[in-house]
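# Results of the structural survey
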Amino acid sequence: APSTNSKDLGSIWVDDSIGALITTLQMIGELDNTFFLFQQDHGQEGKSSLFEPGVRISQFIHFPQGNFATSRFDGVVSTIDVGPTILDYAGISSSVPAYYSMDGRSWKNAAQSGSNWGEEEVCIFGEMDQDRSVICGCDKYMRIYDIDSTISGTVADGKDTRYGIEFAQEMLFDLCGGDSTY
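Quick caveat, the model's predicted, so the values are computed rather than measured. (Residues numbered from 1 in each chain as written. Predicted model: local features only at pLDDT ≥ 70, side-chain atom pairs only at ≥ 80, totals over all residues. Heavy atoms only, no water.)

### Some remarks on the overall build of the chain
Looking only at helices and strands, the chain has 5 helices and 6 strands in total. Going residue by residue from the N terminus, the α and β elements of the chain occur as α-β-α-α-β-α-α-β-β-β-β. Taking all 182 residues of the chain together, the buried fraction comes to 27%. The contacts of the chain with a sequence gap of at least 6 include a subset with a gap of at least 24, amounting to 51%. Put simply, the chain shows about 11,800 Å² of open surface, and 51% of that area lies on carbon and sulfur atoms. (Helix = DSSP H or I, 4+ residues; strand = E, 2+ residues; numbered from the N terminus. Buried < 20%, exposed > 50% of the residue type's maximum accessible area, 1.4 Å probe, protein only. Contact = heavy atoms within 4.5 Å. Areas by Shrake-Rupley, 256 points an atom, 1.4 Å probe, with all protein chains shown as cover.)

As structure tokens, then:
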């Protein structure tokens, strides 16, 4: 038997568990009526950093009855949008009950139409320790409180050198620039 790296065991367990769940749903005829949302963890490289692996994660949806116009939705969303989106797919208003409103908004209509819901109007704010970032559309601004400090997870442990950039206290990036550098 091939040796397995212990780091892979969690992924293998999740894969096997979801496979068993999908097989069972197929057997009872409910797979096409089941909504799955998988969200990736940041992984060790991105933890405690405002660089992309620390603030951006993949999310996968399975819902055959969703009538998706596109197989890929690149809109900027946040984890606070998951609740309103799932409720929207279930046909439940996210403002019910009226005295409790949810943060976030459903991206169901944008994903089904392939419209990417106007990325330029959505901004995602991030913070790690005393460092801050904001992503609006393709633009990302980062401000590092103290680039010589060991408090910054974004600077610590060589994270600032992994991306081949000249590090500064304030940085502006074009995330849609099309090249392979950060």
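### Here's the deal with the state of the cysteines
Note on terminology: a disulfide is the covalent bond linking the sulfur atoms of two cysteines. Enumeration according to the criterion identifies 1 disulfide in this entry. Through a disulfide, Cys123 is tied to Cys136; the S-S separation comes to 2.0 Å. Handedness here is read from the sign of the S-S torsion; for Cys123 and Cys136, about 120°, the answer is right-handed. In this pair, Cys123 sits in strand E3 (residues 123–128) while Cys136 sits in strand E4 (residues 131–136), placing the two residues 13 residues apart along the sequence. With relative accessibility at 32%, the residue Cys123 sits in the partly exposed group. (Disulfide = S-S within 2.5 Å.)

### Comments concerning the pairing of E4
For E3 and E4, the ladder comprises 6 bridges, and the chain directions are antiparallel. Within E4, the residue paired with Ile124 across the bridge is Ile135. Between E3 and E4, which pair antiparallel and follow one another directly, the connecting turn spans 2 residues, one of which, Asp129, has a positive phi of 55°. Summarising the sheet, E4 and strand E5 (residues 139–143) pair through 5 bridges and their orientation is antiparallel. The residue bridging Ser133 from the neighbouring strand is Met142, located in E5. Here E4 folds back onto E5 in antiparallel fashion, the turn holding 2 residues, of which Gly137 has a positive phi close to 60°. (Pairing = 2+ DSSP bridges.)

### Remarks on the confidence of the model for the chain
For the chain, per-residue confidence averages 75 on the pLDDT scale, and residues scoring 70 or more make up 68% of the total. Summarising per-element confidence for the chain, the mean pLDDT is lowest in helix H2 (residues 43–46) (62) and highest in E5 (89). (pLDDT = per-residue confidence, 0-100.)

### Quick look at the sheet that holds strand E6 (residues 170–174)
The strand order E3-E4-E5-E6 describes an open sheet built from 4 strands, whose pairing is antiparallel. Looking at the sheet topology across the chains shown, the edges are occupied by E3 and E6. On average, each strand axis in the sheet is inclined to that of its neighbour by 15°, with strand direction left out of account. Note that E5 and E6 share 5 bridges and pair antiparallel. Paired with Arg143 across the two strands is Glu170, which belongs to E6. (Axes fitted to C-alpha atoms, helices over the stretch in contact; angles between N-to-C directions.)

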